Amino acid sequence: MKLTWADVTPKPLFLNRRSFIASAGALIASPALALTGKPSQFSTDEKPNSFEEITNYNNFYEFGTGKEDPARYADSLTTDPWSVEIGGLVDRPGSYGVDDLAPDNALEERIYRLRCVEAWSMVVPWIGVPLVSVLNKVGVQPSAKYVAFETLYRPEEMPGQNRPFLDWPYREGLRLDEAMNPLAILATGLYSDPLPNQNGAPIRLVVPWKYGFKSIKSVVKITLTDTQPVATWNALQPSEYGFYANVNPQVDHPRWSQATERKIGGGLFGGREETLMFNGYAEQVASLYAGMDLAKNY
Ligand SMILES: Nc1nc2c(c(=O)[nH]1)N[C@H]1C(S)=C(S)[C@@H](COP(=O)(O)O)O[C@H]1N2
Ligand SMILES: [Mo]
């Protein structure tokens, strides 16, 4: 079993662990638990948000709809043992452990911009593996066209699932070529820690050129399909949340502009920034959508 900070650290210290690490006593415990990821050419050189910001302002409706709910309630989630069921159009279907999918020696650091459809944003230093490495591990069959993802359904530990906020379990999907793009990762860490529960422990998708809701948390199922999979927000309100959900400052949400974003931690009066096409990743992903009308395929 893999120890996490939550196992070895009393709660108040866990919440305040950055300063805890700085104190002499913690130096004994921290090296064994620290994760490291190889630096990546895909990382932004923008300054990451603080650990505190990234772990206290979250969307994770399984724990409530408030931004502070996940930090408050996600401790109740058991993330070990955990397995991811991979099936559908693959050569080696089965139940995979987090360490099978994201072994320590394959971990990369990816400092990515995160743009929520609600028009706020952060910069997050993830640790994880390219999604394509996992797809190659299970062997994608030629007939596969999409990848479907599902979050854990466990209402005993995810109180929001007892309420009809969304059609549980949370589901998402990507076109296969999007999933194979080197920017798409499965993250298992944040800074040098195992992924905190509120950020989607123990393993979550990160697709930085798309609105945040595509980056599904706490994944238990990955299925290769030949038809476009159901995606929770898209199914709930297709006129507001597209299947593609590529960040696009020129295509407004029906109820608000997507031209600018509020940078979390940007200060009371500052912090408003221009939103970038594909969230700044056009160079790597624009070719995936060549010839498509992005106002229709939003
Ligand atoms: N299972 C699940 N995944 C989810 C969500 C959710 O409510 N449930 N919220 C999404 C939204 S809207 C955003 S913006 C990101 C937020 O990720 P973060 O809290 O790690 O910043 O997670 C996404 N993944
Ligand atoms: Mo979001």
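Residues numbered from 1 in each chain as written. Chains lettered and ligands numbered in written order. Predicted model: local features only at pLDDT ≥ 70, side-chain atom pairs only at ≥ 80, totals over all residues. Heavy atoms only, no water.

### Points about the overall build of the chain
And then number 1: A count of helical and extended segments in the chain gives 11 helices and 12 strands.
And then number 2: In the chain, which comprises 298 residues, the share counted as buried stands at 52%.
And then number 3: For the chain, restricting intrachain contacts to residue pairs at least 6 apart in sequence, the fraction spanning at least 24 positions comes to 72%. (Helix = DSSP H or I, 4+ residues; strand = E, 2+ residues; numbered from the N terminus. Buried < 20%, exposed > 50% of the residue type's maximum accessible area, 1.4 Å probe, protein only. Contact = heavy atoms within 4.5 Å.)

### Considering empty space enclosed by the protein
And then number 1: This model, assessed by the stated rule, comprises one cavity of 30 Å³ or more.
And then number 2: Put simply, the largest cavity is a space of about 50 Å³.
And then number 3: What lines the largest cavity is E46, R113, L114, R115, S121, M122, V123, E261, K263, E273 and N279.
And then number 4: Looking at the lining of the largest cavity, the elements with two or more residues in it are β3 (108-115), β4 (120-130) and β11 (260-263).
And then number 5: A class-by-class count of the residues in the lining of the largest cavity yields three nonpolar, two polar and six charged. (1 Å grid on protein atoms, 1.4 Å probe; cavity = no way out; pocket = protein on both sides within 12 Å on 5 of 7 lines; lining within 4 Å. Points joined across faces, edges and corners; volume = space filled by probe spheres on them. Nonpolar A, V, L, I, M, F, W, Y, C, P; charged D, E, K, R; others polar.)

### Brief notes about the pairing of β3
Successive residues of a regular strand alternate their side chains across the two faces of the sheet.
And then number 1: With seven of eight residues buried, β3 lies mostly within the body of the structure.
And then number 2: Across eight bridges, the pairing between β3 and β4 is antiparallel. Counterpart to L114 in the pairing with β4 is M122. (Pairing = 2+ DSSP bridges.)

### Remarks on the nonpolar core
Side chains of a nonpolar character, in soluble globular proteins, are inclined to be buried together.
And then number 1: Of all hydrophobic cores here, the largest spans 77 residues; its most connected members are W126, L131, F149, W209 and I222.
And then number 2: Per-element tally for this core: the top contributor is β4, with six residues.
And then number 3: The contacts of F149, once residues within four sequence positions are left out, are L131, Y170, R171, E172, G173, L174, L205, I216, V219, K221 and I222. (Core = buried A, V, L, I, M, F, W, Y, C linked by side-chain atoms within 4.5 Å.)

### Focus: helix α8 (residues 131-138)
Given 3.6 residues per turn, any residue in an α-helix points the same way as the ones three and four places further on.
And then number 1: Within the span of α8, buried status applies to L131, V134, L135 and V138. Within α8, the buried residues cover an arc of 100 degrees as seen down the axis, which keeps them to one side.
And then number 2: One or two steps after α8, the chain reaches G139, where phi turns positive at roughly 75 degrees. (Arc of directions from axis to C-beta.)

### Quick notes on the site of ligand 1
And then number 1: In the neighbourhood of ligand 1, 18 residues make up the surrounding shell, with N58, Y61, E62, T151 and K217 lying closest.
And then number 2: Take Y61: an N or O atom from its main chain is 2.8 Å from an oxygen atom of ligand 1.
And then number 3: Residue N199 places a side-chain N or O atom 3.0 Å away from an oxygen atom belonging to ligand 1.
And then number 4: Considered on its own, ligand 1 offers 540 Å² of accessible surface; in the complex 98% of this is hidden by protein. (Near = heavy atom within 4 Å. Polar contact = N/O pair within 3.5 Å; in protein donor to acceptor, adjacent residues only side chain to side chain. Areas by Shrake-Rupley, 256 points an atom, 1.4 Å probe, with all protein chains shown as cover.)

### Comments concerning the sheet that holds strand β1 (residues 83-88)
And then number 1: Strand order in this open sheet of five strands is β2-β1-β10-β5-β6, and the pairing throughout is mixed. Sheet topology places β2 (94-97) and β6 (171-175) at the edges, where each strand pairs with a single neighbour. With direction set aside, neighbouring strand axes in the sheet form an average angle of 20 degrees.
And then number 2: Direction of pairing for β1 relative to β2: antiparallel, over a ladder of four bridges. In the strand pairing of β2, S83 is matched with G97. (Axes fitted to C-alpha atoms, helices over the stretch in contact; angles between N-to-C directions.)

### Focus on the side chain of E172
And then number 1: You can see E172 is positioned in strand β6.
And then number 2: A polar atom in the side chain of E172 sits 2.7 Å from the side chain of K214.
And then number 3: Non-local contacts of E172, meaning those with residues more than four positions away in its chain, are made with V147, A148, F149, F213, K214, I216, V230 and A231.

### Some words on the side chain of T151
And then number 1: Within the secondary structure layout, T151 lies in strand β5 (residues 146-151).
And then number 2: Here the side chain of T151 touches K217 through a polar contact of 2.7 Å, landing on its backbone oxygen.
And then number 3: Apart from the residues lying within four places of it in its own chain, the contact partners of T151 are E62, M158, P169, Y170, I216, K217, S218, V219 and V220.

Just distances and angles here, no functional claims.
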